[in-house]
Amino acid sequence: MAALRAIVAAFLGALAFGAAAQVIPPPGDATVPPRPALPDLSGEIEARKSYAIPAAEIVGFDFLLNQFDRKYFGCCEFHSNTRSIRRNLRASWVVDHDPFTVNQLGHPYQGSMYHGFARASGLNYWEGLAYTFLGSAFWEIAGETTTPSRNDQVNTGIGGSFLGEALFRIANLALERSDWRKWERETAAAVVSPPVAFNRLAFGDRFDRPFASRAPAFLSRLQLGFSGTARNEGGGVSTTRLRSNEALADFYIDYGMPGKRDYEYTRPFDYFNFQATASSANGFENVMTRGLLYGRGYGEGAETYRGVAGIYGHYDYIAPQTFRVSSTGVSVGTTFEWRPRDYLALQGTVAGGVGYAAAGTIRSVAEDDFHYGVAPIALVSLRTIFGEHTAIDVTAREYYVSRLGAAARGGHENIARIDASLTFVVHKR
């Protein structure tokens, strides 16, 4: 079941966007103009918010999704009726073993739509989380004829909220870009978070600006490239044929970085990190986000360091061609920036916690060869920036998917992954 894969990768381009670009200026540096202050729309958003609109949108979305699934998949999983609803209301929830991508990526994305409808209607994060959790339960009971699944409830109702908040914030960041043309802002927001675009179109000025970001410092990066497999080993019989060459597109953003003065962490996801990687070999290879749920900043009076510490929410989906792991969980940790010299900056996150995870191999005759379990998780991420031209990033993650909560599958998995990259400026940005 074990597999060893060494990848030789060459990125064709790395483009940096955003207020932070590659490096945050040192505290008090008057040579770097501050990002223009944005108007505080929180009062208007609160006055215009609606509890009824997102509830109706979630029910309508589930109805349309159910009708599509009936047509696409046929009989009988989605042919729900009053009889199946009554049965599901009385049933004990189980662990299902639908395909890995469906459970670990499809369901969280479905939950992100619920969360997006709530947030695009002016509700705050915790209200959005409640709508996402209830929307997931509604689908489990009324959207399918199968017995409600507790792993789907975690993935959709909680993981979907973590994913949905990151997408909602990125969409609003695009809408705030005054240096982009209107069609560029609207298109970017619609692609990232369709509920935001839908509410802006359906309700006009009422939800034209559903969120005020408070101008966070951020680093974003888009990379296009390719990779080739240098070595692959694994025993047993596999139904999956590894593709030795693949095209890659990777988007990354660090939002609310702690180097900026006067930025406060008073709302969930005022700091978050998001990364998604698409591959020509297997679709989405990675989708990962971690956001600060509750925390406080430190080092406000210091000249060389600042940070934030607290509780983070995590959603990770990692599925290259030889293994797969996905987790929804919470952790305790810190995100910091330390600048010992004007030309040197260290930025990083250290966190440890627990999640509910699924893990396994793809080198098997069975499509559902993975199991669920309670999983201790650990993360160490460090970026070293030299001047304004060079950065080294190293991120290490570990998941121990235990037997606890593993239903009939049993067993355990221990997966560690390290990503490292060197970025340097060739021309301009």
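Refer to the structure printed above.
Residues numbered from 1 in each chain as written. Predicted model: local features only at pLDDT ≥ 70, side-chain atom pairs only at ≥ 80, totals over all residues. Heavy atoms only, no water.

K.L.:
Can you walk me through the state of the cysteines in this structure?
P.N.:
A covalent bond between the sulfur atoms of two cysteines is referred to as a disulfide. Within this structure, the stated rule accounts for one disulfide. Each sulfur of the disulfide joining cysteine 75 and cysteine 76 lies 1.4 Å from the other. What sets the handedness of the cysteine 75 and cysteine 76 disulfide is the S-S torsion sign, and at about 65° it is right-handed. Classification of cysteine 76 as partly exposed rests on a relative accessible area of 44%. (Disulfide = S-S within 2.5 Å. Buried < 20%, exposed > 50% of the residue type's maximum accessible area, 1.4 Å probe, protein only.)

K.L.:
Sorry if this is basic, but what is going on with the pattern of salt bridges here?
P.N.:
Pairing is possible between side chains that carry opposite charge, provided their charged atoms lie close to one another. Here the structure, examined in full by the defined rule, presents 12 salt bridges. For the salt bridge of glutamate 165 with arginine 119, the shortest nitrogen-to-oxygen distance reads 2.8 Å. One end of the pair, glutamate 165, is in helix H6 (residues 150-175); the other, arginine 119, is in helix H4 (residues 100-119), and 46 residues separate them in sequence. No difference in accessibility class separates glutamate 165 from arginine 119, as the two residues are buried. In the salt-bridge network here, residues are joined through shared partners; they are Arg119, Glu165, Arg169, Arg267 and Asp270. (Salt bridge = Lys/Arg side-chain N within 4 Å of Asp/Glu carboxyl O. Helix = DSSP H or I, 4+ residues; strand = E, 2+ residues; numbered from the N terminus.)

K.L.:
Whenever I open this one, the packing of aromatic side chains confuses me. Can you help?
P.N.:
To describe a pair of aromatic rings, one takes the distance between the centres and the angle between the planes. Enumeration over the complete set of coordinates arrives at 19 aromatic pairs. Ring geometry for tyrosine 72 against phenylalanine 73: centres 4.9 Å apart, planes inclined by 85°, an arrangement best described as edge-to-face. Here tyrosine 72 falls in the exposed class, since its relative accessible area comes to 59%. Arranged with centres 6.2 Å apart and planes meeting at 40°, the rings of phenylalanine 78 and tryptophan 139 form a pair that is tilted. Highlighted residues: phenylalanine 78 in the loop between helix H2 (52-73) and helix H3 (82-90) and tryptophan 139 in helix H5 (residues 125-143), separated in sequence by 61 residues. The pair formed by phenylalanine 78 and tryptophan 139 is uniform in burial state, with each residue classed as buried. Following the ring pairs from residue to residue traces out a cluster consisting of Tyr125, Trp126, Phe162, Tyr255, Phe269 and Phe272. (Phe/Tyr/Trp six-rings, centres within 6.5 Å; stacked < 30°, edge-to-face > 60°.)

K.L.:
How should the packing of H6 against helix H7 (residues 182-192) be read in this particular structure?
P.N.:
To describe two helices that pack against each other, one gives the angle between their axes and the distance between the axes. Viewed as axis vectors pointing N to C, H6 and H7 meet at an angle of 175°, and their least axial separation amounts to 8 Å. As far as their axial angle goes, H7 and H6 are roughly antiparallel. Residues Leu167, Ile170, Ala171, Ala174 and Leu175 of H6 pack against Arg185, Glu186, Ala188, Ala189 and Val192 of H7. Residues belonging to the contact of H6 with H7 are distributed by class as follows: eight nonpolar, no polar and two charged. (Axes fitted to C-alpha atoms, helices over the stretch in contact; angles between N-to-C directions. Parallel < 35°, antiparallel > 145°, perpendicular 65-115°, else oblique. Contact = heavy atoms within 4.5 Å. Nonpolar A, V, L, I, M, F, W, Y, C, P; charged D, E, K, R; others polar.)

K.L.:
What's the story with the environment of leucine 167 in this structure? I'm lost.
P.N.:
Along the chain, leucine 167 turns up in helix H6. On the accessibility criterion, leucine 167 (11% relative accessible area) is buried. Separated by 107 residues in the primary sequence, leucine 167 and phenylalanine 274 have C-alpha atoms spaced 8.7 Å apart. Once you skip the residues sitting within four places of it in the chain, leucine 167 turns out to touch Tyr109, Ser112, Val192, Ser193 and Phe274.

K.L.:
Quick question: what am I supposed to make of the pairing of strand S9 (residues 370-386) here?
P.N.:
When a strand is regular, its side chains alternate between the sheet's two faces. For S9 and strand S10 (residues 390-401), the ladder comprises 10 bridges, and the chain directions are antiparallel. Bridge assignment links serine 381 to a residue of S10, and that residue is threonine 395. Connecting the antiparallel pair S9 and S10 is a turn made up of three residues, with glycine 387 showing a positive phi of about 60°. (Pairing = 2+ DSSP bridges.)

K.L.:
How should the nonpolar core be read in this particular structure?
P.N.:
General note: in soluble globular proteins, nonpolar side chains tend to be found buried as a group. Counting residues in hydrophobic clusters, the biggest one holds 40 residues, and the most contacted among them are Ile253, Phe269, Phe272, Phe274, Val287, Tyr315 and Tyr317. Element by element, the count of residues in this core is highest for H6, at nine residues. Excluding its chain neighbours within four sequence positions, the residues that come into contact with phenylalanine 269 are Tyr125, Phe162, Glu165, Ala166, Arg169, Tyr255, Thr289, Gly291, Leu292 and Leu293. Core analysis: the second largest hydrophobic core is formed by 10 residues, Ala357, Ala375, Val401 and Ile415 among them. (Core = buried A, V, L, I, M, F, W, Y, C linked by side-chain atoms within 4.5 Å.)

K.L.:
How should a positive patch on the surface be read in this particular structure?
P.N.:
A contiguous patch of positive charge on the surface is contributed by Arg83, Arg86, Arg87 and Arg90. Considering the arrangement of structural elements, one finds arginine 87 in helix H3. A relative accessible area of 39% places arginine 87 in the partly exposed class. (Patch = residues over 30% accessible without salt bridge, like charges linked within 9 Å, V, L, I, M, F, W, Y side chains within 5 Å. Areas by Shrake-Rupley, 256 points an atom, 1.4 Å probe, with all protein chains shown as cover. Lys, Arg positive; Asp, Glu negative; His and termini not counted. Charge placed at Lys NZ, Arg CZ, Asp CG, Glu CD.)

K.L.:
Please explain the side chain of aspartate 62 as it appears in this structure.
P.N.:
Note that aspartate 62 resides in helix H2. Of the buried charged residues, aspartate 62 lacks a salt bridge, with arginine 70 as the closest side chain of opposite charge at 12 Å. Other than its neighbours up to four places away in sequence, aspartate 62 contacts Gln110, Tyr114, Gly135, Phe138 and Trp139.

Geometry only, nothing functional implied.
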